Amino acid sequence: MTDLDLDIDGDVYVFPRYLAGTTGIGDPALEPLMQLGWELTHDDLGNAYLNAPDHKVRLGFLPEGDDDGLWRINAYVDRFGPPAWGVSFNDSCPTEFVAAFTRALAQAYQDGADRYLAQPDPTDPELAAFNAVAPLINRGWQIQHPRWGVMELQTPDGMAGLEYATGRLDAERELTTLEARWYMWGGPKNGYARWYATASTNTPTPLVKAITQSVSDPAPLPRWKDFLSRGLRDHAQLVPVTPPPPPVPTPLDVHRTAPRRRPALTTRSVPRWSTTTTPSALLPARPSSPRR
């Protein structure tokens with residue numbers, strides 16, 4: 001295992017990433033705003049709150065909230081007035097999607113109020129919305145059968161989707177229910193593993209686009225396999241962060257892979273010098289001719 005493997009917070013990669021589920025840790029999504037010096041406070045229940053220096057953007061991390069809305073972010077034109085826009089993520093949403101949003105929000109806040117309070121073009125809000133939808137279309141998400149007042153896209157496997165509502169919406173319901181301008185979801189239809197995110201009317205399009213880009217990113221996410229719910233494991237592809245070592249070969253494997261040896265040479269009879277009597281010595285001697 002390399003040092004890089006040790007730095008990865010998980011033992012498997014999950015693909016597609018919209019089936020990775022939450023990490024259960026809020027720090028990565030809080031960090032981009034805390035680096036700007038936003039004020040961090042806690043209540044007696046363990047919920048955390050971040051306030052921008054001008055108190056015109058507020059974030060709540062609410063593990064002990066009244067519902068499953070774990071993350072709630074609101075922006076204000078007047079810090080004592082109603083929210084100009086609101087974004088929420090539930091407690092099953094992959095933390096990386098929230099972090100993508102807070103990074104974009106941190107940059108928009110640094111750029112000024114005309115960025116983090118920028119409203120879509122009122123003359124053609126659907127055209128502005130297309131900029132946030134384009135990453136999904138470019139990565140294979142498919143437009144569904146049109147239904148009145150809603151544009152809908154889904155992944156080819158049907159395990160994640162986005163709905164964009166047209167027309168006038170109730171501003172208060174957008175902030176307190178799922179009936180928002182933007183509604184994104186992923187995971188099995190039944191069970192706790194299903195996640196959602198909402199964004200109300202007037203949420204700056206670049207901030208929404210940060211979410212859609214992260215959701216549709218083809219790169220997998222690291223997770224601890226035992227932490228994944230059964231519903232996610234049944235539908236996602238899991239690849240070990242560290243490939244398993246090759247199996248120890250069995251004696252049969254060794255026998256099958258051993259090189260074949262050429263048979264040894266057989267013993268051959270090799271003529272040698274000998275002191276024994278040769279066969280020619282046993283023949284009768286020829287008579288000698290008389291001498292003259």
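Every chain is numbered independently, its residues counted from 1 as its sequence is written. Given that the model is predicted, a residue must reach a pLDDT of at least 70 before its local features are reported, and side-chain atom pairs must reach 80 or more before they are shown or counted; all residues, however, enter totals for whole chains, interfaces and linings. Computation of side-chain values covers all heavy atoms of the structure but excludes hydrogens and water.

(A) How the structure looks around the pattern of salt bridges. The working definition used for a salt bridge is a side-chain nitrogen of Lys or Arg within 4 Å of a carboxyl oxygen of Asp or Glu. Tallying each qualifying case throughout the model produces seven salt bridges. Among the salt bridges present, the one from glutamate 152 reaches arginine 147, with a minimum N-O distance of 3.5 Å. Only protein chains enter the accessibility calculation, which uses a 1.4 Å probe. A residue is then buried if its area is under 20% of the maximum for its type, exposed if over 50%, and partly exposed in between. Residue class for arginine 147 comes out partly exposed when judged on its relative accessible area of 42%. Here arginine 173 ties to glutamate 179 by a salt bridge, and the two come within 2.8 Å at their closest N and O atoms. Given the relative accessible area of 47%, glutamate 179 is considered partly exposed. Here the salt bridges do not stand alone but share partners, grouping Arg147, Glu152 and Glu163 into one network.

(B) Focus on the sheet that holds strand β12 (residues 221-223). With respect to topology, three strands assemble into an open sheet ordered β12-β1-β13, the strand pairing being antiparallel. Among the strands making up the open sheet, the edge pair consists of β12 and β13 (237-240). Direction aside, neighbouring strands of the sheet carry axes that sit 35 degrees apart on average. Sheet analysis places strand β1 (residues 12-15) next to β12, joined by three bridges and oriented antiparallel. For tyrosine 13, the partnering residue across the bridge sits in β12 and is proline 222. In this scheme, strands are said to pair when DSSP sees at least two bridges between them. Put simply, DSSP marks the helices as runs of H or I at least four residues long and the strands as runs of E at least two long, and each gets a number from the N terminus on. Helix axes use the C-alpha atoms of the stretch in contact, all axes being lines fitted to C-alpha atoms, and the angles between their N-to-C directions lie in the range 0 to 180 degrees.

(C) Fine view of the packing of aromatic side chains. Stacked, tilted and edge-to-face are the three classes applied to pairs of Phe, Tyr and Trp rings, where Trp contributes its six-membered ring and a pair requires centres within 6.5 Å; stacked means planes under 30 degrees apart, edge-to-face means over 60, and tilted covers the rest. The full count for this structure, using the stated rule, is nine aromatic pairs. When the centroid spacing of 5.2 Å and the interplanar angle of 70 degrees are considered together, the rings of tryptophan 38 and tyrosine 109 count as edge-to-face. Of this pair, tryptophan 38 sits in the loop between α2 (27-34) and β2 (39-42) while tyrosine 109 sits in helix α3 (residues 95-111), and the two are 71 residues apart along the sequence. Accessibility classification places tryptophan 38 together with tyrosine 109 in one group, the buried group. Among the aromatic side chains, those forming a connected cluster through ring pairs are Trp38, Tyr109 and Tyr116. The ring centre of tyrosine 76 lies 4.2 Å from the NZ or CZ of arginine 58, which sits over that ring. Whether a charge sits over a ring comes down to the Lys NZ or Arg CZ being within 6 Å of the ring centre and within 35 degrees of the ring normal.

(D) Focus on the packing of helix α5 (residues 125-138) against helix α7 (residues 205-216). With their axes 8 Å apart at the nearest point, α5 and α7 run at an angle of 10 degrees to one another. The angle between α5 and α7 places the two elements in the roughly parallel class. Judged by the sense of rotation from one axis to the other, the crossing of α5 with α7 is right-handed. Residues Ala128, Asn131, Ala132, Pro135 and Leu136 of α5 form the contact with α7, whose own contacting residues are Thr205, Val208, Lys209, Thr212, Gln213 and Ser216. Roughly parallel means an angle under 35 degrees; roughly antiparallel, over 145; roughly perpendicular, 65 to 115; everything else is oblique. Two helices crossing with the near one rotated counterclockwise from the far one by less than a right angle form a left-handed crossing, whereas a clockwise rotation gives a right-handed crossing. Any two residues whose heavy atoms approach within 4.5 Å are treated as being in contact.

(E) Structural view of the sheet that holds strand β11 (residues 195-199). With antiparallel pairing, 10 strands are arranged side by side in an open sheet as β2-β3-β4-β5-β6-β11-β10-β9-β8-β7. Strand pairing shows two members of the sheet lacking a second neighbour, β2 and β7 (142-143), which therefore form its edges. Examined bridge by bridge, strand β10 (residues 182-186) and β11 share five bridges and lie antiparallel to one another. Considered in β11, the bridge of glycine 186 is made with tryptophan 195. Seen against the sheet, α3 touches β4 (57-61), β5 (69-75), β6 (85-90) and β11 and runs at an angle of roughly 155 degrees to β6.

(F) Spotlight on the side chain of glutamate 152. Mapped onto the fold, glutamate 152 is located in strand β8 (residues 150-154). Within the structure, the side chain of glutamate 152 is placed 3.0 Å from the side chain of glutamine 154, a separation counted as a polar contact. Contacts described as polar in this section are N or O atom pairs within 3.5 Å, which, within protein, must combine one atom able to donate a hydrogen with one able to accept it, while residues neighboring in sequence count only if both atoms come from side chains.

(G) Region of the structure containing the nonpolar core. Buried Ala, Val, Leu, Ile, Met, Phe, Trp, Tyr and Cys residues that are joined via side-chain atoms within 4.5 Å together make up what is termed a nonpolar core. With 57 residues, the main nonpolar core has Trp71, Phe89, Leu105 and Trp182 as its most contacted residues. In terms of residue count, the dominant contributor to this core is α3 (eight residues). Those residues in contact with leucine 105 that sit more than four places away from it in its chain are Leu33, Trp38, Val57, Ile73, Trp85, Tyr116 and Leu207.

(H) Broad picture of the pairing of β6. Here β6 lies mainly inside the structure; six of its six residues are buried. Every second residue of β6 is oriented toward a common face, with Trp85, Val87 and Phe89 on one face and Gly86, Ser88 and Asn90 on the other, all of them buried. In this sheet, β6 lies alongside β5 in antiparallel orientation, the contact comprising six bridges. Pairing of tryptophan 71 across the sheet is with phenylalanine 89, part of β6. In this structure, β6 lies alongside β11, joined through three bridges in antiparallel fashion.

(I) Seen up close, empty space enclosed by the protein. Using only the protein atoms, space was sampled on a 1 Å grid; points where a 1.4 Å probe fits but cannot get out form cavities, open sets with protein on both sides within 12 Å along at least five of seven lines form pockets, and lining residues are those with an atom within 4 Å of a point. Grid points are joined across faces, edges and corners, and a volume is the space filled by probe spheres set on the points. All chains considered together, the criterion is met by one cavity of 30 Å³ or more. When its volume is computed, the largest cavity comes out at roughly 30 Å³. If you go around the largest cavity, the residues you meet are Leu136, Trp141, Gly161, Leu162, Met184, Trp185, Trp195, Thr212 and Val215. Among the secondary structure elements, those contributing two or more residues to the lining of the largest cavity are β9 (160-165), β10 and α7.

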